Amino acid sequence: MTMLEWSRRAACLDLDPELFFPISHQGPGQSQVERAKSICRDCPVRRPCLDYAISSRQAHGVWGGTDPEQRRALIPKAMPPPGSAPARPLRGGR
């Protein structure tokens, strides 16, 4: 199974992706965000979608029923950015 296999069962699969990526979260964009979140509410793959968004640090759009601000609050502070590796100890213990 591929990493994004779950996305083939998403409630948003056949919808316009722009709905989930509003230009702004104010004004008309706010109602767009609420509409996108309402679609996510009954999605059978909401959790894998949210897990993907958090692990890949998706900074934009509605993923797993959350907006960027909500996801930032869920990201563990100690989690390194994707693609980074922990520092290796220096030789000789330095």
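Data block above holds the structure.
Residues numbered from 1 in each chain as written. Predicted model: local features only at pLDDT ≥ 70, side-chain atom pairs only at ≥ 80, totals over all residues. Heavy atoms only, no water.

**With respect to the state of the cysteines**
Selection criterion: Here, a disulfide means two cysteine sulfur atoms that sit within 2.5 Å of each other. A simple rule labels every residue: compare its accessible area, found with a 1.4 Å probe on the protein chains alone, to the largest value its type can have, and call it buried under 20%, exposed over 50%, or partly exposed in between.
The tally for this structure, following the rule as stated, stands at zero disulfides. Of all cysteine sulfurs in the structure, the one in C49 sits closest to C40, which takes part in no disulfide; the separation is 6.2 Å. For C40, a relative accessible area of 9% translates into the label buried.

**With respect to the side chain of D67**
Applied cut-off: For helices the rule is a DSSP run of H or I covering at least 4 residues; for strands it is a run of E covering at least 2, with both sets numbered from the N terminus onward. Whether two residues are in contact is decided by their heavy atoms: any pair within 4.5 Å suffices.
Note on placement: D67 falls in the loop between α2 (46-55) and α3 (68-74). In this view, D67 contacts H25, K37 and G61; residues no more than four positions away in its chain are not counted.

**Overview of the nonpolar core**
Filter applied, for reference: Residues enter a nonpolar core if they are buried and are Ala, Val, Leu, Ile, Met, Phe, Trp, Tyr or Cys, with the set joined through side-chain atoms within 4.5 Å.
Judged by nonpolar contacts, W6, A10, C43, V45, C49, Y52, A53 and W63 together constitute the single largest core of eight residues. Among all residues touching A10, those that are not within four sequence positions of it are C43 and V45. Listed in part, the six residues of the second largest apolar core include L19, F20, A36 and C40.

**Points about the environment of R46**
Checked against the element boundaries, R46 lands in helix α2. Between the C-alpha atom of R46 and that of A10, which follows or precedes it by 36 residues, the distance is 7.7 Å. Dropping the residues within four chain positions of it, R46 is found in contact with C40, R41, G64 and G65.

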